Structure formats: C-alpha cells, structure tokens
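# Observations on chain architecture
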Amino acid sequence: MRIRPRRNRKSEGIRRFHRETHLGPEHFVYPLFVHAGSDEQPIASMPGCSRHGLDGLLKEAEGALKDGISAIVLFPAVEEALKTSHGEEAYNPEGLVPACLRALRERFGPELTLCTDVALDPYSSDGHDGIVKDGRILNDETVEVLVKQAVCQAEAGADIIAPSDMMDGRIGAIRDGLDEAGHSEVSILSYTAKYASAFYGPFRDALDSAPKFGDKKTYQMDPANAREAYREIALDEEEGADILMVKPALPYLDVIRLMREATELPIAAYQVSGEYAMLKAAAAQGWLDEERVVLESLTAIRRAGADIIFTYFARQAAAYLRG
Ligand code: PBG
C-alpha cells in the first residue's frame, strides 16, 4: 500500500496541522432566560439553566465575558397577567427585556454584544409567535407589532435583533422600521430556516410559552423540507438581513451546509433546548461522556458551515476548550 491515510493521523501534532474546523468561544452566542423576580429559578428540563433575576443575569454575562464569549441573547419569562392576544407588552419600553438591556449596557458597555429575540410568543396569551384570530395566525398585523418590538429593543440598546417568528416580510419591515427610527446601525439576524420542531419543548417549559392550541406548522418550516430554505434565504437577503440562521442545529446539518453554499452572509445555527436536554440527560445517566459529546456536536455544527452557534453549553464548552 503506497497510500496510507493513517499517516496523517498518527499524532496529535500531525492531526493538528491539518485540522479543518476550529471551535472557540468567539463563535458562541449564549442564550439567557430572564424573569421579573430577583430569585434564580432552575429549569427542570434544562439542567444547569435558570430563569435569572437581574443580578443573576449580570453575573452570568460577566462570567461569559470572562470565558471569552462576547454575545448573549435574552428570552423573557413574562408574567401570565401581562400576556394579551396582541402581545402589547412586547413593545413596552419599561418591560423586562428593555430594562435588562439598559442594565447590561450600563455595566458592560459595548464589549458585550446584546441580541434580542423578536416574536410574540412570550407575550401572547395564545402562546403563538403572532396574533391569532379565529384560530389563524395573522401575518401582516403581526409584522406591524414585531416592528414596534424591534424598535423598542433597539432604543433600549440591542446590537442585533433576531426575529424568530417566521412571518412573511418581517425582515424588510423591521429593517425599514429600524432605519426610520434612526437605528440603521442595528443588525438583523434572521431565523431564516426555522423548523416546526419538537426539539423546542424544554424552551417552552422555560418560558411557559407553549401554544394554547394547535401547533406552529403554518409559519415554521416542515422538517421534511430543505429546498424550501432557498426561498427564505433569497427573501431575507433581499429584505436586508445581515446574518442568516438555521434552527435546530444538529438534526439540520444538511440545511446549514445548503445555506453556507447559497449565501455569502454569515450563518448562525441554534443548538436548541431539546438538543441540550438530550445530551444532559444521557450524560447524567453516565451513558455519554458529556465533555466529548458537547465538543463533538458543536464542532459538527461548525463543520457543516455555521460561523456562529447559539448554545446553552456556551460557558461549559468554553471551559472545556480551555482544558
Ligand atoms: C420563539 C422561540 C422558540 C425558540 C427560540 N425562540 C420556540 C418556538 O419557536 O416555539 C426555541 C429555542 C430553544 O428551543 O432552545 N419565537
């Protein structure tokens, strides 16, 4: 045998020479749950994650910065009494997310990149990402509210607005709304290919935001489809998105790759709550080696083509990578 591929794998030094994928904390966005109280509320289906009060949030953000992670994304657990059918609380300038943004900016300055989620589900009494009428999710009426939500978040200091709602036309409308309000420097990270996935279960526990009826299949994409992502990519590019996202991540590596090849824009992938919960559960049983599966999964997501990874493992993975 003249050709022996194993020669290129014979030592760590040689393997390191030609390693194709690099994983580092600079690639992570760390999702954090917040609530209006001051206590820390552990989330049963996401061991290691909590709904943070303001102090807990500031502490977690500070830890992330120390770990080399420079971006967080906020998800609010909103009191039931503030939820309405039109989600007005989503654009209350005194609401939970704007208050957290101001506190984070004051404490950390521009060093910490602040991302926010745009969608109505945490604020909707129906638990849907849009306004519901007669059992249907209204598109254009919802987009008007999403624009208000995005502008409200930008005014409070968000650097990157991330619409996760999957309404048609929202990227362009939000871009115009931000520009008209004087926020042309605020970026949009679009959830371009967000699937109607069962892997969001633990997240909906965390926010108590599960749909009160039906499912999200009339707006989120069908898990059976990949080609359909090309339409969403084309629209998001035209409408002015800065970064495109695929969600979930590991079960959709083919879509990450497809998107990598279809656009020059940076690509993000969201390793969602169910992906996190699966690894945590198996590791807790002693069935998987947590450190190795976490780093392998994140590396696979990068290898598929993601520049940026939203992951609840951000701080843990940063610690593993430090060794
Ligand atoms: C809602 C939203 C969801 C997630 C992020 N934003 C849930 C959903 O669409 O039902 C899921 C994140 C996760 O599971 O970690 N707009």
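The structure we're discussing is the one just above.
The model shown is predicted, which means the values in this text are computed figures rather than measured ones. (Residues numbered from 1 in each chain as written. Predicted model: local features only at pLDDT ≥ 70, side-chain atom pairs only at ≥ 80, totals over all residues. Heavy atoms only, no water.)

## Points about the state of the cysteines
Inspection of the entire model under this criterion finds zero disulfides. Here C115 is not cross-linked by a disulfide; its sulfur's nearest cysteine counterpart is in C100, at 14 Å. A residue is classified by how much of its surface remains accessible, and C115, at 1% relative accessible area, is buried. With no disulfide of its own, C152 has C100 as its nearest cysteine by sulfur position, at a separation of 12 Å. (Disulfide = S-S within 2.5 Å. Buried < 20%, exposed > 50% of the residue type's maximum accessible area, 1.4 Å probe, protein only.)

## Some remarks on the packing of helix α2 (residues 54–66) against helix α3 (residues 96–108)
Where α2 contacts α3, the two axes come as close as 11 Å, and the packing angle between them is 45 degrees. When the interaxial angle is binned, α2 and α3 end up oblique. Seen from above, α2 lies across α3 with right-handed handedness. Of α3, the residues touching α2 (which contributes L54, L57, L58, A61, E62 and L65) are C100, A103, L104, R107 and F108. (Axes fitted to C-alpha atoms, helices over the stretch in contact; angles between N-to-C directions. Helix = DSSP H or I, 4+ residues; strand = E, 2+ residues; numbered from the N terminus. Parallel < 35°, antiparallel > 145°, perpendicular 65-115°, else oblique. Left-handed = near helix turned anticlockwise from the far one by under 90°. Contact = heavy atoms within 4.5 Å.)

## Things to note about the site of the ligand
As a structural note, the neighbourhood of the ligand is formed by 18 residues, with S164, K194, R204, K247 and Y312 the closest of them. Here an oxygen atom of the ligand and a side-chain polar atom of K216 are 2.7 Å apart. One of the side-chain N or O atoms of S273 is found 2.7 Å from an oxygen atom in the ligand. Surface burial for the ligand is 100%, taken as the share of its 400 Å² of free accessible area covered by protein chains. (Near = heavy atom within 4 Å. Polar contact = N/O pair within 3.5 Å; in protein donor to acceptor, adjacent residues only side chain to side chain. Areas by Shrake-Rupley, 256 points an atom, 1.4 Å probe, with all protein chains shown as cover.)

## A closer look at a negative patch on the surface
The grouping of D140, E141, E144 and D168 at the surface amounts to a negative patch. The partly exposed category is assigned to E141, whose relative accessible area is 41%. (Patch = residues over 30% accessible without salt bridge, like charges linked within 9 Å, V, L, I, M, F, W, Y side chains within 5 Å. Salt bridge = Lys/Arg side-chain N within 4 Å of Asp/Glu carboxyl O. Lys, Arg positive; Asp, Glu negative; His and termini not counted. Charge placed at Lys NZ, Arg CZ, Asp CG, Glu CD.)

## Examining the pairing of strand β8 (residues 160–163)
On a regular strand, one side chain projects to one face of the sheet and the next to the other, so that they alternate. Neither face of β8 is left uncovered, since the one carrying I160 and A162 and the one carrying I161 and P163 both have all their residues buried. Note that the unit made of β8, helix α5 (residues 170–180) and strand β9 (residues 187–194) has a crossover that is right-handed. (Right-handed = clockwise from strand over helix to strand, strands pointing away.)

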